[in-house]
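Per-entry structural report
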Amino acid sequence: MIKLENIKKSFGELEVLKDVSLNVEKGTVTAIIGPSGSGKTTFLRCINILEQPTDGKITIDEQTIDFSNKVSKKEIISLRSKTGMVFQQHHLFPHLTALENVMEGLVTVQKVKKDVAKKKAIDLLTKVGLEEKINLLPHQLSGGQQQRVGIARALALEPTVILFDEPTSALDPELVQEVLKVMKELAEEGMTMIVVTHEMKFARDVADEVIFMDGGYIVEQGHPKDVLEHPKHARTKQFLQLIQ
Amino acid sequence: MIKLENIKKSFGELEVLKDVSLNVEKGTVTAIIGPSGSGKTTFLRCINILEQPTDGKITIDEQTIDFSNKVSKKEIISLRSKTGMVFQQHHLFPHLTALENVMEGLVTVQKVKKDVAKKKAIDLLTKVGLEEKINLLPHQLSGGQQQRVGIARALALEPTVILFDEPTSALDPELVQEVLKVMKELAEEGMTMIVVTHEMKFARDVADEVIFMDGGYIVEQGHPKDVLEHPKHARTKQFLQLIQ
Amino acid sequence: MDLNSIFSQENLTIAKDSFLPMVKTALIGTIPLTIITFIVGIVLAFITALFRLSGNKFLNGIARFYVSIIRGTPLLVQLFIIFYGLPSINVTISPYISAIIGFSLSVGAYASEIIRGSIQSIDKGQWEAASSIGMTYNQTLKRIIIPQAARVSLPPLSNTFISLVKDTSLASLILVTEMFRTAQEIAATNYKFLVVYTEAGIIYWIICFFLSIIQGRLEARVARYVAK
Amino acid sequence: MDLNSIFSQENLTIAKDSFLPMVKTALIGTIPLTIITFIVGIVLAFITALFRLSGNKFLNGIARFYVSIIRGTPLLVQLFIIFYGLPSINVTISPYISAIIGFSLSVGAYASEIIRGSIQSIDKGQWEAASSIGMTYNQTLKRIIIPQAARVSLPPLSNTFISLVKDTSLASLILVTEMFRTAQEIAATNYKFLVVYTEAGIIYWIICFFLSIIQGRLEARVARYVAK
Amino acid sequence: GCNTNKKEETAKGKDLLTQVKDSGELKIGTEGTYAPFTFHDKSGKLTGFDVDLSNEVAKRLGVKPKYFETQWDAMFAGLDAKRFDIIANEVGIRADREKKYYFSDPYITSSGALVVKSDSKVKSFNDIKGLNAAQSLTSNYGDLAKKYGAKLVGVEGFSQAIQLIESGRADATINDKLSIQNYLKETGDNKVKIAALENDASNSGFMFRKDDDSLVKAVNKALADMKKDGKYDEIVQKWFGKDGLK
Ligand SMILES: Nc1ncnc2c1ncn2[C@@H]1O[C@H](COP(=O)(O)OP(=O)(O)OP(=O)(O)O)[C@@H](O)[C@H]1O
Ligand SMILES: Nc1ncnc2c1ncn2[C@@H]1O[C@H](COP(=O)(O)OP(=O)(O)OP(=O)(O)O)[C@@H](O)[C@H]1O
Ligand SMILES: [Mg+2]
Ligand SMILES: [Mg+2]
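Remember, predicted model here, so these are calculated numbers, not experimental data. (Residues numbered from 1 in each chain as written. Chains lettered and ligands numbered in written order. Predicted model: local features only at pLDDT ≥ 70, side-chain atom pairs only at ≥ 80, totals over all residues. Heavy atoms only, no water.)

1. Considering the overall build of chain A
Along the backbone of chain A there are nine helices and 10 strands. Relative to a compact globule of 244 residues, whose C-alpha radius of gyration would be 18 Å, chain A shows 18 Å and is just as compact. Within the span of chain A, comprising 244 residues, buried residues form 57% of the whole. Within chain A, contacts between residues at least 6 apart in sequence are counted, and of these 63% link residues at least 24 apart. Accessible area for chain A stands at about 10,500 Å²; split by element, carbon and sulfur atoms hold 47% of it. Placing the 31 positive and 34 negative side-chain charges of chain A at their respective mean positions leaves the two points 4 Å apart. (Helix = DSSP H or I, 4+ residues; strand = E, 2+ residues; numbered from the N terminus. Rg over C-alpha atoms; globule rule 2.2 N^0.38 Å. Buried < 20%, exposed > 50% of the residue type's maximum accessible area, 1.4 Å probe, protein only. Contact = heavy atoms within 4.5 Å. Areas by Shrake-Rupley, 256 points an atom, 1.4 Å probe, with all protein chains shown as cover. Lys, Arg positive; Asp, Glu negative; His and termini not counted. Charge placed at Lys NZ, Arg CZ, Asp CG, Glu CD.)

And the structure:
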């Protein structure tokens with residue numbers, strides 16, 4: 001179970017997350033939607049503790065960090081190891097091949113033997129449909145392929161939950177589907193996922209819960225059908241109109 | 001009338017446009033769709049002569065350039081002045097305000113008096129809904145606002161045809177509509193437009209003709225209804241499936 | 001000797017007495033020479049950069065050769081050739097002009113690479129956008145590219161400027177009065193080379209320190225239109 | 001005199017006779033000194049850059065001060081203080097070691113700014129991606145950032161290296177044999193300083209020319225993983 | 001423990017001469033670029049009048065000479081910093097220098113010579129009033145030129161001074177007679193000439209730090225011995241011919 005309680009985050013004067021709480025059950029997919037600047041990325045980054053929340057509690061797999069207290073580096077590293085992250089821009093390591101990108105965390109962080117790591121990395125790259133591209137450098141791959149390597153890299157460390165930040169929004173339209181397909185398969189295998197996305201079809205078909213964020217709050221949340229087709233709040237309605 | 005005959009373009013060995021011909025009537029909107037790398041951008045750039053075609057003829061407003069002959073700079077400048085271009089990335093001049101961006105071509109190229117240019121620029125910025133932002137620098141504007149300044153900048157020189165290269169694909173989803181709205185208004189006013197886009201709804205609702213490009217050729221073209229809903233070619237079908 | 005003797009009464013007196021003469025030649029020699037040279041050098045650098053960027057193979061070749069020669073040989077040798085060498089082909093140039101020529105050629109070569117880099121660093125889209133509204137090469141350069149390139153090249157150009165302040169100490173070799181020459185003269189009479197040179201070093205440092213403050217201000221100003 | 005007299009038989013003989021001695025001291029003096037100094041300097045530069053990038057105010061302050069001093073004062077003064085000044089506080093260092101210290105401190109300061117810039121130029125996303133798979137600061141630096149920063153910093157570092165070749169001519173001041181000293185010795189005997197210095201300049205230029213070819217190769221190699 | 005203590009005490013108290021003898025070498029600072037006193041011959045070997053002389057002095061002290069070559073300002077700094085023990089560089093014995101340094105007894109006497117362009121009208125030192133004299137900072141002769149009312153232009157060395165005269169950018173230079181004669185002999189330059197010789201001769205000697213005078217005394221003794229047994233004359237003749245110092 002992933003439990004986020006009263007997360008707050010400010011950058012200087014700017015309060016970006018005002019008070020966000022969310023429970024995510026194991027094996028479910030949560031989709032987060034909302035206008036630009038509403039704090040979606042910041043929220044994901046707080047779960048991954050790339051940004052340290054100003055206040056609030058995060059619980060993943062029994063470990064809880066309370067950010068109203070001083071937090072040690074060790075706690076952060078331990079909690080972070082339970083999450084994987086896929087970015088909007090793939091952020092692959094440009095000097096490493098697809099294979100090396102996926103192996104990096106296994107070898108450097110988890111100190112897995114090279115040949116074991118390699119086997120695992122090949123399996124994961126095969127899973128995302130890239131068995132023939134393992135020795136290419138990121139710039140030799142298309143945007144969709146790059147993003148799939150990014151997913152394999154996040155999967156390699158076997159996190160409890162994977163966070164996706166608009167994984168398809170930087171892609172050419174005809175490359176979007178290949179990434180969404182991989183994500184759908186992951187969801188079907190029971191991976192716990194939190195996905196910031198603008199792909200409404202994906203949210204409707206795959207997500208177990210949809211969250212609408214605006215102005216640093218969760219404005220509305222519930223079953224995809226309810227939120228996307230019968231939104232209760234005026235802001236949700238307005239937003240959905242704009243993007244469809 | 002804009003007439004493009006047997007346009008060819010190679011980069012070294014790579015033949016990007018193999019043989020493209022297209023007629024565009026005054027006051028119509030032509031939408032170009034097609035997969036990434038099919039040559040859509042290159043085609044637009046050839047019309048604007050940002051890239052010089054390897055072969056072929058371009059006729060706009062009685063002026064014809066035949067690229068099988070040597071072409072003078074003067075001819076190019078004259079033909080180019082009949083086209084305006086809106087880019088995928090806005091390419092606004094970052095050191096100039098919105099107003100100065102729109103005035104630049106008038107003052108520097110057309111040698112219009114400053115106060116006349118200013119009046120015209122304010123009118124155009126008002127038209128695209130930015131009368132309150134005229135003195136802001138590009139980085140102080142949202143993506144949608146930037147793109148609208150880009151449109152005003154292209155309009156300022158009163159071109160015969162405006163070329164749009166995926167004007168909304170770099171925008172956050174909820175900013176897309178404000179740009180499409182401006183484009184729709186332009187179309188209604190009778191502006192001649194050629195638009196590379198992935199916005200199928202816009203193509204369907206606004207375009208008079210849709211072109212599907214692939215592999216450096218026009219594969220299919222016709223009325224939006226026909227091309228988008230009853231595509232004849234397998235490749236068109238496949239592409240439309242992928243992006244919907 | 002020990003630390004105390006470094007700050008002995010004698011050394012302090014020497015430092016005090018030599019301070020004003022050195023500051024004076026810094027003000028009438030080093031600083032004006034630096035400023036004039038830098039301005040001429042930048043103009044030269046700019047032309048060289050345009051040569052390098054032009055499609056013309058001949059101009060490009062000239063520019064490359066010039067830059068290679070200047071960067072590949074010691075400034076001292078260049079100054080010697082200009083001042084002592086040219087008279088043998090009957091070109092005799094006064095010390096001050098020789099210094100300006102020598103240092104400007106040097107600044108021109110180093111700065112041209114900076115300017116070229118800064119122009120190339122501007123997104124190609126800017127050229128195309130300018131082109132699409134009908135601007136010519138020269139118009140685009142002047143109104144669109146240079147204002148943006150100036151921002152990129154300001155920090156490295158400031159560094160060139162600061163280096164130049166110190167390099168002008170070589171001007172004394174060709175009879176130009178500047179600060180380091182004064183230091184040498186003073187030391188040649190009191191034989192306290194270490195004290196006097198160190199003092200000169202401190203004065204250089206102070207000049208450079210002020211220059212880098214100005215640099216910081218300028219950079220902040222030119223950065224105004226850039227997104228955070 | 002005229003152009004002919006520049007290429008007179010006499011001058012050509014002088015140039016021929018002085019060629020070998022100069023090349024010899026270039027090979028045993030200038031080049032090894034440059035290489036050793038550069039390696040030590042880069043290590044120093046790297047540490048300084050990390051100090052500057054660390055959140056620690058104290059380390060940052062030290063690094064800033066060091067860079068400011070070295071960049072703000074002439075190298076000549078620095079060498080003087082190390083070699084002739086330190087003995088007065090009972091620190092006496094041999095010429096060669098003094099030269100290495102002096103030039104390394106110089107390279108360290110200039111190169112640290114280059115390295116710092118190159119590290120900062122790497123997209124923040126790389127740090128975050130590394131962080132998100134659990135890599136520590138040091139692991140990220142070593143395995144992700146430095147390999148990429150190396151590419152960015154290679155051209156300016158090569159320039160520092162090439163400048164160093166010429167700067168080592170100052171080493172004779174502190175009793176280290178290098179090429180320019182040999183040129184001075186020869187010129188003092190035959191009084192043809194112009195011919196001999198020009199020849200020295202040409203040799204420097206040849207060395208720099210070869211170095212820049214190597215630079216080009218290296219850059220091409222390190223660029224392998226970068227999109228066109 | 002006692003023993004080592006004693007040793008340290010004596011080491012501290014050792015005079016310069018003992019230190020030199022203990023180390024077995026005399027460290028000599030010189031420019032190496034001032035012919036014919038200290039310079040490199042065609043084979044690259046350091047040689048010259050001052051070099052031969054200090055070689056002989058070292059021999060008589062029973063130690064090996066070791067040369068440290070650098071430029072004028074660094075030479076003084078090097079002596080101060082105890083990088084070497086003496087300077088052998090034709091340094092003129094002058095009151096201002098004697099305030100800070102010891103000198104040996106003079107080992108050479110020479111006079112200044114005025115060099116001008118061959119077609120110059122300058123005939124005597126008095127004629128250089130108001131003219132440009134190219135002088136290096138390091139020579140004694142700048143003061144002399146100033147005394148006769150010349151304007152000084154500072155150059156790096158003698159060669160550069162000659163070049164300035166030949167290109168018309170300076171009118172005259174004053175330098176050591178012996179050094180000029182050597183230049184004229186070596187180069188056969190006929191574009192310049194000696195216009196006048198100075199009446200007052202000046203003395204040069206080895207220069208020492210003002211620590212203790214033990215080494216000065218020993219060097220003086222060696223010089224006196226050389227003069228007595230003819231070695232000194234031999235060296236003079238080698239460099240300046242039969243009546244070179246007349
Ligand atoms: N490091 C930071 N420093 C200061 N402000 C920041 C920082 N990161 C984000 N912000 C601000 O926080 C607000 C929310 O940003 P965030 O990126 O979380 O929005 P988002 O919902 O992900 O938007 P988008 O859909 O555009 O990605 C914005 O106003 C942004 O400018
Ligand atoms: N300047 C150039 N030099 C070499 N190749 C080029 C150049 N510009 C484009 N290409 C190549 O031409 C092909 C077509 O590119 P183009 O940008 O026209 O495609 P597109 O249809 O606009 O694609 P997208 O939807 O990704 O924008 C691609 O393979 C591209 O790599
Ligand atoms: Mg975001
Ligand atoms: Mg395109």
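2. Observations concerning the relation of the copies chain A and chain B
Put simply, the two copies of the chain differ by a rotation about an axis and a shift along that axis. The two copies are related by a screw operation: chain A maps onto chain B through 180 degrees of rotation and 0.0 Å of translation along the axis, at an RMSD of 0.0 Å. The transformation just described matches what one would write down for a two-fold rotation axis. The rotation axis passes nearest to the C-alpha of Ala-170 of chain A in chain A, at a distance of 3.9 Å. When you check the interface residues of chain A against chain B, 100% turn up at the interface there too, and the contact is symmetric in its surfaces. (Least-squares fit on C-alpha atoms with pLDDT ≥ 70 in both.)

3. Looking at the site of ligand 1
Residue and element names in this part refer to chain A. For ligand 1, the set of nearby residues contains 13 residues, the closest of which are Ser-36, Gly-37, Lys-40, Thr-41 and Thr-42. Thr-41 is positioned with one of its side-chain polar atoms (N or O) 2.5 Å from an oxygen atom of ligand 1. With respect to ligand 1, the side chain of Thr-42 contributes an N or O atom lying 2.4 Å from an oxygen atom. Relative to its unbound accessible area of 640 Å², ligand 1 is 63% covered by the protein chains. Sorting the residues of the shell around ligand 1 by element identifies strand S2 (14-24) and helix H1 (40-47) as the ones contributing at least two each. A total of three residues in the shell around ligand 1 trace back to one element, the largest contributor, which is H1. Across the shell around ligand 1, the residue classes tally to four nonpolar, six polar and three charged. (Near = heavy atom within 4 Å. Polar contact = N/O pair within 3.5 Å; in protein donor to acceptor, adjacent residues only side chain to side chain. Nonpolar A, V, L, I, M, F, W, Y, C, P; charged D, E, K, R; others polar.)

4. A few points about the relation of the copies chain D and chain C
Each copy superposes on the other: chain D lies on chain C with an RMSD of 0.1 Å after a rotation of 180 degrees and an axial shift of 0.0 Å. Both copies present the same face, since 100% of the interface residues in chain D are matched by interface residues at the equivalent positions in chain C.

5. Description of the sheet that holds strand S3 (residues 29-33) of chain B
All names here are of chain B. Spatial strand order, S6-S7-S8-S3-S9-S10: six strands in an open sheet with mixed pairing. Because the sheet does not close on itself, it has two edges, and the strands there are strand S6 (83-86) and strand S10 (217-222). On average, adjacent strands in this sheet sit at an angle of 20 degrees to one another, irrespective of strand direction. Summarising the sheet, S3 and strand S9 (residues 209-214) pair through four bridges and their orientation is parallel. Paired with Ile-32 across the two strands is Ile-211, which belongs to S9. (Pairing = 2+ DSSP bridges. Axes fitted to C-alpha atoms, helices over the stretch in contact; angles between N-to-C directions.)

6. Structural notes on the site of ligand 2
Taken together, 13 residues form the shell around ligand 2, and within it Ser-36, Gly-37, Lys-40, Thr-41 and Thr-42 of chain B come nearest. Nearby residues around ligand 2 are contributed by chains A and B. The separation between an oxygen atom of ligand 2 and a polar main-chain atom of Gly-37 of chain B is 2.8 Å. With respect to ligand 2, the side chain of Glu-166 of chain B contributes an N or O atom lying 3.3 Å from an oxygen atom. In isolation ligand 2 offers 640 Å² of accessible surface; the protein chains occlude 63% of this area.

7. Let's talk about the interface of chain A and chain B
Listed by partner, the interface residues are 11 residues for chain A and 11 residues for chain B. When chain A packs against chain B, close to 1,100 Å² is buried across both sides, 58% of that on carbon and sulfur atoms. Per-residue buried area on chain A facing chain B is highest for Pro-173, Glu-174 and Leu-242 of chain A; these three make up 46% of the total on that side. Viewed at the interface, chain B and chain A are joined by zero salt bridges. Linking chain A with chain B are six residue pairs in polar contact (both at pLDDT 80 or more). Secondary-structure elements contributing two or more residues to the side of chain A that touches chain B are helix H6 (173-188) and helix H9 (234-243) of chain A. Looking at the side of chain A that touches chain B residue by residue, the classes come out as five nonpolar, four polar and two charged. (Buried area = accessible area lost by both parts, 1.4 Å probe. Salt bridge = Lys/Arg side-chain N within 4 Å of Asp/Glu carboxyl O.)

8. Remarks on a nonpolar patch on the surface
There is a patch of nonpolar side chains on the surface, built from Ile-6, Phe-7 and Leu-12 of chain C together with Ile-89 and Val-91 of chain D and spanning about 420 Å² of accessible area. In this fold, Val-91 of chain D is placed in the loop between helix H4 (75-85) and helix H5 (95-121). Given a relative accessible area of 34%, Val-91 of chain D falls into the partly exposed group. (Patch = residues over 30% accessible without salt bridge, like charges linked within 9 Å, V, L, I, M, F, W, Y side chains within 5 Å.)

9. Re the arrangement of the chains
No other pair of the six pairs of chains in contact has as many contacts as chains C and D. One thing to see here is that chain B and chain D don't touch, and their nearest C-alpha atoms sit 14 Å from each other.

10. A short note on unusual backbone geometry
Ala-35 of chain E connects to Pro-36 of chain E through a cis peptide bond whose omega is 0 degrees. Mapped onto the secondary structure, Pro-36 of chain E falls in the loop between strand S1 (25-30) and strand S2 (39-40). For Glu-158 of chain B, which is not a glycine, the phi torsion comes out positive at approximately 50 degrees. For Glu-158 of chain B, the position within the fold is in the loop between helix H5 (143-156) and strand S7 (161-165). Residue Tyr-191 of chain D is not a glycine yet carries a positive backbone phi of 60 degrees. By the element assignment, Tyr-191 of chain D lies in the loop between helix H8 (179-190) and helix H9 (193-222). With relative accessibility at 10%, the residue Tyr-191 of chain D sits in the buried group.

11. Points about the UniProt feature "domain: ABC transporter" (unreviewed entry) in chain A
Within this numbering scheme, the UniProt entry marks residues 2-240 of chain A as carrying the feature "domain: ABC transporter" (unreviewed entry). Here residues 2-240 of chain A is 38% helix and 26% strand, with 27 Å between the C-alpha atoms at its ends. (UniProt positions renumbered as here; feature names shortened; annotations may be inferred.)

12. A word on the pattern of salt bridges
Per the stated rule, a full pass over the model turns up 45 salt bridges over all chains. Here Glu-189 of chain A makes a salt bridge to Lys-127 of chain A, at a shortest N to O gap of 2.7 Å. On the criterion of sequence distance, the pair formed by Glu-189 of chain A in the loop between H6 and strand S8 (192-196) and Lys-127 of chain A in helix H4 (residues 114-127) is long-range, its members being 62 residues apart. With relative accessibility at 52%, the residue Glu-189 of chain A sits in the exposed group. Ionic pairing is found between Lys-14 of chain E and Asp-22 of chain E, a salt bridge with its closest N-O pair at 2.8 Å.

13. Here we look at the nonpolar core
Among soluble globular proteins, nonpolar side chains are generally buried collectively. Judged by nonpolar contacts, the single largest core of 346 residues is most densely connected at Leu-125 of chain A, Leu-125 of chain B together with Phe-49, Phe-206 and Leu-215 of chain E. No other element matches the 11 residues that H9 of chain D contributes to this core. Not counting residues within four places of it along the chain, the set of residues in contact with Leu-125 of chain A comprises Ala-98, Leu-99, Val-102, Leu-130, Glu-131, Ile-134, Val-149 and Ala-152 of chain A. (Core = buried A, V, L, I, M, F, W, Y, C linked by side-chain atoms within 4.5 Å.)

14. Some words on the interface of chain D and chain C
When the parts of a complex come together, some accessible area is lost, and that lost area is often used as the size of the interface. On the chain C side, the residues contacting the 34 residues of chain D number 34 residues. Between chain D and chain C, a total of about 2,900 Å² is buried, with carbon and sulfur atoms accounting for 70% of that surface. Interface area lost by chain D to chain C is led by Ser-88, Lys-166 and Trp-205 of chain D, which between them contribute 19%. The interface formed by chain D and chain C contains zero salt bridges. Summed over the shared surface of chain D and chain C, the number is 10 residue pairs in polar contact (both at pLDDT 80 or more). Elements with a contribution of two residues or more to the side of chain D that touches chain C: helix H1 (3-6), helix H3 (57-72), H4, helix H7 (137-167) and H9 of chain D. Per element, the largest residue contribution to the side of chain D that touches chain C is eight residues, and it comes from H9 of chain D.

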